[in-house]
Amino acid sequence: MSETPLIELKKVCKNFQLESGASIRVLENVDFSLFPGEIVALLGPSGSGKSTCLRIMAGLIDKTSGEVSSSGAALKGANQNVALVFQSFALFPWETVFENIALALEPLHLSPDEVKNRVKKAIDLVGLEGFEEAYPRELSGGMKQRVGIARALVMERSVLLLDEPFSALDVLTADSLRSEIVDIFQNKQTATKGVLLVTHNIHEAVYMAKRILVMGVNPGHIRGEVINDLAYPRNEASQAFNQMVDRVHSLVTETLMPDVPKSDTAAGTIAPATKERSVPVLPNVSVSEVIGLLETIHADGGTGDIFKLAQQIGKDFGHTLFLVKAAEILELVDTPKQKVILTELGRHLVEGDINVQKRMLHELYGELTLVTQVAQLLRQSPTLRLPVDLVTEKIAEWLPNENPNDLLSSLITWGRFAEYFGYNDDTKELYLDVGQETS
Ligand code: ADP
Ligand code: MG
């Protein structure tokens, strides 16, 4: 395509400065372009930097390095070509639907007639006719989100940036809003030339997007792209649709679990760049969720399918993968391809009572590199305890690409369960649990 992209990122990196002074990298070498006529999805687990990408495109925050352009020109400050829709946003409770939408036009100083025309058009597009004079408290979640979308459309900008716009809605409402957005865009009833959808929902991405970019974590980067040429409007029941979902699933699986044996090119996915991590780090998930996952697999005879498990435990796919990953790091499951199989250890853990579980996790957890490093650090203190700030600083040094606060909170919850570490919130100290202290 030789067309000028509506938005383009080249080798964009982003670091955030933490309060401790440490700096974490959340985006690495992100290349991205959105062309006229496209709906593109950025798909990735939570924490992969999707919202950060979107905020950089909108000019709400600046990149650390790389290039960002909007319709061919280097972006400086707020991007005047984009309109944003978030998952939840503030409606003014004392203003009507009409006024809440009209607010977006205030900076343009249009005549009252123009404002009225534009707002009416936006209201028609999103199906809010009849609700012009309603107040936000009278609206359902879906209707409120329509106001949010209308507020973005009324600006008549060329790019619509959607950040998980449907994730707070019930399933049916989300379904109908998705198809309405696709319709509005397909029918070219608006000034919108391109749409970027940020989501962690694979179905949503396959339903809406023409291209799906899958993001990986630590630091956030684009792992691969799937072109989705299914004709609009898409039929979720069709075989082609489900094949596309499977294809994206595989890419996401490989992205989150690069140690899963590669399914070669079988599924037609793009081979992810190998990015080895020397220290396996337990994802920040709860102990009870991991045990719940193991119980589900056990109840199914010891073998689970990664896609089905997500449905069975009622979590989204990305989160389920993190749970599986945690179990795998602890050697409680094996993950050949998309299967999740309980290991002998895993079966033992599920069948054991809480004390067996604690004892086993004490052993398994204690073998993780980060855990031994932190334990060693604590042993250097005569009291076996240290201020958490100091521990966080050390963690940031050891693992510059991870969020040290997340790692610390995971150390506290897992450490407590496994009776490895203790934490005193009054003194803000982490200590080594040496057994005697817990009877
Ligand atoms: P996503 O939208 O994919 O869930 P985000 O872009 O919100 O991810 O965040 C990516 C990473 O950057 C996360 O680890 C998050 O904690 C971190 N992060 C986001 N904003 C800030 C900030 N202002 N300061 C420090 N870290 C941040
Ligand atoms: Mg986000």
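**Let's talk about the environment of G142**
Mapped onto the fold, G142 is located in helix α4 (residues 141–153). Judged by its relative accessible area of 8%, G142 is buried. Expressed as a C-alpha distance, the spacing of G142 and L172, which sit 30 residues apart in the sequence, is 9.5 Å.

**Here we look at the site of ligand 1**
Lining the immediate environment of ligand 1, one finds F16, L18, V26, P45, S46, G47, S48, G49, K50, S51, T52 and N403. Within the backbone of G47, one N or O atom sits 2.7 Å away from an oxygen atom of ligand 1. At a separation of 2.5 Å, an oxygen atom of ligand 1 approaches a polar side-chain atom of T52. When ligand 1 sits alone it has 560 Å² of accessible area, and the protein chains cover 68% of it. With three residues, helix α1 (residues 50–57) is the largest single contributor of residues to the shell around ligand 1. Across the shell around ligand 1, the residue classes tally to four nonpolar, seven polar and one charged.

**Let's talk about the sheet that holds strand β15 (residues 421–424)**
Read across the open sheet, the three strands follow the order β14-β16-β15; overall the sheet is antiparallel. Two strands in the sheet have a free side with no partner beyond their single neighbour: β14 (385–387) and β15. The sheet shows a mean angle of 25° between the axes of neighbouring strands, direction not considered. Both β14 and strand β16 (residues 429–432) contribute to a ladder of three bridges, which runs antiparallel. The partner of R385 across the bridge, within β16, is Y431. Contacting β14, β15 and β16, helix α14 (residues 388–398) crosses the sheet at an angle of about 80° to β14. In the packing of helix α15 (residues 404–417) onto the sheet, contacts are made with β15 and β16, and the angle to β15 comes to roughly 120°.

**Describing the sheet that holds strand β5 (residues 73–74)**
By definition, the strands of a sheet pair up through backbone hydrogen bonds, in either a parallel or an antiparallel sense. On the basis of which strands lie adjacent, the open sheet formed by four strands has the order β2-β1-β4-β5 and antiparallel pairing. A single partner strand is all that each edge strand has here, and the edge strands are β2 (23–34) and β5. Note: strand β1 (residues 7–17) against strand β4 (residues 65–70), five bridges, orientation antiparallel. The partner of I7 across the bridge, within β4, is S70.

**What to know about a negative patch on the surface**
The grouping of E331, D334, E363 and E367 at the surface amounts to a negative patch. With respect to the helices and strands, the residue E367 is situated in the loop between α12 (354–366) and α13 (369–379). Overall, the relative accessible area of 57% leaves E367 in the exposed class.

**Some details on unusual backbone geometry**
Omega for the bond connecting N218 with P219 falls within 30 degrees of zero, at -15°, which places this linkage in the cis form. Within the secondary structure, P219 is located in the loop between β9 (211–216) and β10 (221–227). Geometrically, the link from Y232 to P233 is a cis peptide bond, its omega value of -10° lying close to zero. In this structure, P233 sits in the loop between β10 and α7 (239–256). Despite not being glycine, E156 shows a phi value in the positive range, around 50°. For E156, the position within the fold is in the loop between α4 and β7 (159–163). Phi at K428 is positive, roughly 55°, even though this residue is not glycine. Take K428: its relative accessible area is 41%, and that puts it in the partly exposed class.

**Digging into the domain arrangement of the protein chain**
Here the domain parsing of the protein chain yields domain 1 (7–254) and domain 2 (273–432). Relative to domain 2, the C-alpha centre of domain 1 lies at a distance of 33 Å. Contacts between domain 1 and domain 2 engage 19 residues on the former and 16 residues on the latter. Of the roughly 1500 Å² buried between domain 1 and domain 2 on both sides combined, carbon and sulfur atoms contribute 59%. At the boundary of domain 1 and domain 2, one finds zero salt bridges. The tally of links from domain 1 across to domain 2 stands at one residue pair in polar contact (both at pLDDT 80 or more). Elements represented by at least two residues in the side of domain 1 that touches domain 2 include exactly β2, β10 and α7. Sort the elements by how many residues they give to the side of domain 1 that touches domain 2 and α7 lands first, with five residues. Looking at the side of domain 1 that touches domain 2 residue by residue, the classes come out as seven nonpolar, eight polar and four charged.

Conventions adopted
- Residues numbered from 1 in each chain as written.
- Chains lettered and ligands numbered in written order.
- Predicted model: local features only at pLDDT ≥ 70, side-chain atom pairs only at ≥ 80, totals over all residues.
- Heavy atoms only, no water.
- Helix = DSSP H or I, 4+ residues; strand = E, 2+ residues; numbered from the N terminus.
- Buried < 20%, exposed > 50% of the residue type's maximum accessible area, 1.4 Å probe, protein only.
- Near = heavy atom within 4 Å.
- Polar contact = N/O pair within 3.5 Å; in protein donor to acceptor, adjacent residues only side chain to side chain.
- Areas by Shrake-Rupley, 256 points an atom, 1.4 Å probe, with all protein chains shown as cover.
- Nonpolar A, V, L, I, M, F, W, Y, C, P; charged D, E, K, R; others polar.
- Pairing = 2+ DSSP bridges.
- Axes fitted to C-alpha atoms, helices over the stretch in contact; angles between N-to-C directions.
- Contact = heavy atoms within 4.5 Å.
- Patch = residues over 30% accessible without salt bridge, like charges linked within 9 Å, V, L, I, M, F, W, Y side chains within 5 Å.
- Salt bridge = Lys/Arg side-chain N within 4 Å of Asp/Glu carboxyl O.
- Lys, Arg positive; Asp, Glu negative; His and termini not counted.
- Charge placed at Lys NZ, Arg CZ, Asp CG, Glu CD.
- Domains from an automatic or database assignment.
- Buried area = accessible area lost by both parts, 1.4 Å probe.

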